[in-house]
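Chain residues, written in single-letter form:
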Amino acid sequence: MKFRRSLDRVLQTEVDGGIALLDHTTNTYFLLNTTGAVVWTTLEDEVTVDEICSKVASHFDVTEEHCKSDVLSLIDSMKLKGFVISSDEGSV
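Residues numbered from 1 in each chain as written. Predicted model: local features only at pLDDT ≥ 70, side-chain atom pairs only at ≥ 80, totals over all residues. Heavy atoms only, no water.

**Re the pattern of salt bridges**
Worth spelling out the cut-off: A side-chain nitrogen of Lys or Arg and a carboxyl oxygen of Asp or Glu constitute a salt bridge if their distance falls within 4 Å. Helix and strand labels come from DSSP, where a helix needs a run of H or I of at least four residues and a strand needs a run of E of at least two; each type is numbered from the N terminus. Only protein chains enter the accessibility calculation, which uses a 1.4 Å probe; a residue whose area is less than 20% of its type maximum is buried, one above 50% is exposed, and one in between is partly exposed.
With the rule as written, the count across this model stands at two salt bridges. Here Asp23 ties to Arg9 by a salt bridge, and the two come within 2.5 Å at their closest N and O atoms. One end of the pair, Asp23, is in strand 3 (residues 18-23); the other, Arg9, is in the loop between strand 1 (2-5) and strand 2 (10-15), with 14 residues separating them in the sequence. On the basis of relative accessible area, Asp23 is assigned to the buried category, the value being 0%.

Set out below in structure tokens:
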């Protein structure tokens, strides 16, 4: 499965090394730390979790295997709030 940003409704700005997201249709905010910011930046293109973890592992001292559950958790949270969509939703 692949994921990407829901670009049509999300505004972003850098904040203290992270990124603050705003869904302007629901006024929902989501604040990402530096690791989350790498994930968000990677989601600019349609990518798999493995591709995201590869990018995270290149920036931080973490193995791709260890990062997978954290990335999946973050993506699930962002999907619930409408910031990310997946290929199984037919919109990717």
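**Thoughts on helix 3 (residues 64-80)**
Inclusion rule: Any helix carries an expected span of 1.5 Å times its number of residues minus one. The contact criterion used is simple: two residues touch if any of their non-hydrogen atoms lie within 4.5 Å. Here a polar contact is recorded for every N or O atom pair within 3.5 Å, except that within protein the pair must consist of a potential hydrogen donor and a potential acceptor, and residues adjacent in sequence are included only if both atoms are side-chain atoms.
The end-to-end C-alpha separation of helix 3 is 24 Å, in line with the 24 Å expected for 17 residues at 1.5 Å each. Every buried residue belonging to helix 3 is among Cys67, Val71, Leu74, Ile75 and Met78, and all of these are buried. Where helix 3 is buried, its residues contact strand 1, strand 3, strand 4 (28-32), helix 1 (34-42), helix 2 (49-59) and strand 6 (84-86). Capping the start of helix 3 is the job of one residue whose side-chain oxygen sits 3.1 Å from the backbone nitrogen of His66: Thr63. Gly82 lies just past helix 3 and shows a positive phi near 90°.

**A short note on the pairing of strand 3**
We apply this condition: Two strands qualify as a pair provided DSSP detects at least 2 bridges between them.
Of all six residues in strand 3, six are buried; the element is thus mostly enclosed. Alternating positions in strand 3 separate into two faces, Gly18, Ala20 and Leu22 on one and Ile19, Leu21 and Asp23 on the other, with burial throughout. Relative to strand 3, strand 2 runs antiparallel, the two sharing six bridges. Bridging across to strand 3, Val10 finds its partner in Asp23. A loop of two residues connects strand 2 with strand 3, the two strands running antiparallel in sequence, and Asp16 in this loop sits at a positive phi of about 50°. Two elements, strand 3 and strand 4, share five bridges in a ladder whose sense is antiparallel. What sits directly across from Ala20, in strand 4, is Leu31.

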